[in-house]
Amino acid sequence: MSKASLQFTQPSDNASEQIFSEQAKDFLAELVQQFAPAVDQLLSTREEAQKAYDSGALPDFDPATADIRNSDWQVAPVPKDLQKRRLEITGPVERKMVINALNADVDVFMADFEDAQSPTWQGMVHGQLNLRDANAGTISLDDEKSGKSYRLQEDPALLIARVRGLHLPEKHIQLDGKAVPGALVDFAMYFFHNYKQRLQNGSGVYFYLPKLQHHKEAAWWSEVFHFTEQKFGLPTGTIRATILIETLPAVFQMHEILHSLKEHIVALNCGRWDYIFSYIKTLRAHPDRILPDRQSVSMDKPFLNAYSRLLIRTCHKRGALAMGGMAAFIPSKDASENKKILDKVRADKEQEFGNGHDGTWIAHPGLAETVKAVYQKHLGDKPNQLDVTRQDDTEISAELLLQPCPGERTEQGMRTNIRVAVQYIAAWISGRGCVPIYGLMEDAATAEISRTSIWQWIQHEQPLSDGRVVTKSLFADMLAEEAQVVRTEVGEERWASENFDKAVKLFSSITTADQLTEFLTLPGYDLLP
Ligand SMILES: CC(=O)SCCNC(=O)CCNC(=O)[C@H](O)C(C)(C)COP(=O)(O)OP(=O)(O)OC[C@H]1O[C@@H](n2cnc3c(N)ncnc32)[C@H](O)[C@@H]1OP(=O)(O)O
Ligand SMILES: O=CC(=O)O
Ligand SMILES: [Mg+2]
């Protein structure tokens, strides 16, 4: 194959020249040339599967891969520094957050190029610089605005980078006029700039991979990893991945995903927010499986609890860790409110632990002590509960995984969804991928639930609890009213400078379209610099 040449649509600057050095660009070009064509096929496979679900089929375990599910095999042993990951903090790859997360009292920092990061060119390039400096141990920040200085403390958390999903292009880098996959850009640059340092530190190069829908996607990543290790003369397993099981189709393929990546995988993770979004999206044409208000779709509901338990059982059978997910609460400055929040977070993490998870996520350092205590109480010095196999539990059927979720659809719920979606989309277009809204952390996954819930209620003409049917016209009226509420809350200056008008327009168009927009971040990306 002749050497490909990438085109960059942004003028280069000091930061981009450091990240996209000649050698780094050559590596990325090689990966794109070799692996990007298959991404189109993988995305078409997703579309084909969706067509079948739209014609009435339901996701199920595939008889063609029964052998993989039923035979005995194990994934490669989990490296020592990944065995204890009871508590993981997550956050965007912004410099202050990276330092604060690495200094938090947690085992792992999942540095996020995905749900929590708005993929502006500057944000992604600087994110790579921040992680490079973090791995080198040299990251620091003197924040002129607050006057605070940030330095890395002794014994920082272990760093794992989450790359973009396969659906997201990186429009600023093209090969033959076509935008390259964002996932490959994030993977290639993080690997290239950090592998030597991480190996020198006695570790490996660790990734979280989001939003897989098929085990073929896991096989594709396996090839990318093998290719990279061979190219740089590194042993197989230098790269390790944790896969988020956060789409409905993927929950039926967890053995197959582990098997496809068995030399590189260390864990699966319950990405509950995208999973709920995917339940809505996958079953968009099924009027008997419409979700109620977002607030009532909690992890104790049978279909979600089954998902967590099946993930644990599958992982532990194969020697992989089973990570829990994110309670979206963030601390409050009001002491009595904060106590309520910590109680809710504790209850959620107790339930996850009871199911058998080996570790879990928090969105904010203020939750670390509470969640750490849950794991400490139960595990003491044990790093994880891989030995809890749950193989004798009753079978978890497709029917249970797909079970409809009871609950009301209320005017209050719909109005909250509207206000959250408007504020989140405005923040995302303004370059912030994760924001606090009404006491919750909101990111791309949680916002997707808010906007697709309304889309689904409109399409299926669902009645609210007061009897009114949700229509495009009711939505338009509520959107106008709630946009005004938000405008008053944020003030005229922010409304004008932080893209709220654009957010209302985008939200309105995707919510009233007859075809469901697959990801709000796709039309949103057109609005990003
Ligand atoms: C569905 C999913 O994909 S979940 C994974 C993706 N989501 C995430 O990663 C959520 C990450 N969390 C966040 O981004 C933040 O917690 C937010 C945006 C929700 C709230 O952030 P803030 O408004 O800054 O919260 P707050 O003012 O309470 O922060 C207090 C301090 O904690 C720090 N902090 C808050 N969250 C984090 C975090 N996740 N990591 C590191 N530091 C953090 C802030 O930087 C701030 O530091 P400072 O005192 O030095 O200025
Ligand atoms: O990525 C995590 C999720 O819940 O979505
Ligand atoms: Mg997610």
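Rules of the game
Going along each chain's sequence as written, the residues are numbered from 1 onward. Ligands are numbered from 1 and chains lettered from A, in the order in which they are written. With pLDDT at 70 or above as the cut-off, local features in this predicted model cover only qualifying residues; side-chain atom pairs require 80 or more to be listed or tallied, and sums for whole chains, interfaces and linings still use all residues. UniProt positions are given in the numbering used here, feature names are shortened, and annotations may be inferred rather than shown by experiment. In this analysis, residues qualify as near a molecule or strand once their C-beta atom, positioned from backbone atoms, comes within 6 Å of it. Secondary structure elements are taken from DSSP: a helix is a run of H or I of four residues or more, a strand is a run of E of two residues or more, and numbering for both begins at the N terminus. By the convention adopted, Pro, Cys, Tyr, Trp, Phe, Met, Ile, Leu, Val and Ala count as nonpolar, Lys, Arg, Asp and Glu as charged, and the other residues, Gly among them, as polar. Being paired, for any two strands, means DSSP has found at least two bridges between them. Note on geometry: axes are lines fitted to C-alpha atoms, helical ones only across the stretch in contact, with angles between N-to-C directions running from 0 to 180 degrees. For every residue pair, C-beta atoms are placed from the backbone, and the pair is scored as a contact if these atoms sit within 7 Å.

Named according to an unreviewed UniProt entry, the protein chain is malate synthase originating from Aliidiomarina minuta. Listed under Sequence similarities (unreviewed entry) in UniProt, the entry text for the protein chain is "Belongs to the malate synthase family." Per UniProt, the protein chain has the following entry under Catalytic activity (unreviewed entry): "glyoxylate + acetyl-CoA + H2O = (S)-malate + CoA + H(+)".

Attention shifts here to the site of ligand 2. Around ligand 2, a shell composed of D115, L244, E246, G271, R272, W273, D274, G325, M326 and A445 is seen. Mapped onto the shell around ligand 2, the elements with two or more residues apiece are α10 (272-282) and β12 (321-326). Here the shell around ligand 2 takes three residues from α10, the largest share from any one element. Grouping the amino acids of the shell around ligand 2 by side-chain chemistry returns four nonpolar, two polar and four charged.

Ordered by their spatial adjacency, eight strands build a closed barrel running β2-β3-β6-β9-β10-β11-β12-β13, and the pairing between neighbours is parallel. Across the sheet, the mean angle separating the axes of adjacent strands is 30° when strand polarity is ignored. Bridge count for strand β11 (residues 265-270) against β12 is three bridges, and the pairing is parallel. Considered in β12, the bridge of N269 is made with M323. The strands touched by helix α11 (residues 302-318) within the sheet are β10 (239-245), β11 and β12, with β11 carrying the most contacts at an inclination of about 170°.

Looking now at the sheet that holds strand β1 (residues 7-8). Strand pairing in a sheet is mediated by backbone hydrogen bonds. Such pairs are either parallel or antiparallel. Read across the open sheet, the three strands follow the order β1-β7-β8; overall the sheet is antiparallel. If you trace the sheet from one side to the other, it starts and ends with β1 and β8 (178-181), each paired once. With four bridges joining them, strand β7 (residues 169-175) and β8 adopt antiparallel strand pairing. For L175, the partnering residue across the bridge sits in β8 and is K178. Packing against the sheet, helix α2 (residues 22-54) makes contact with β7 and β8, and its axis sits at approximately 95° to β8.

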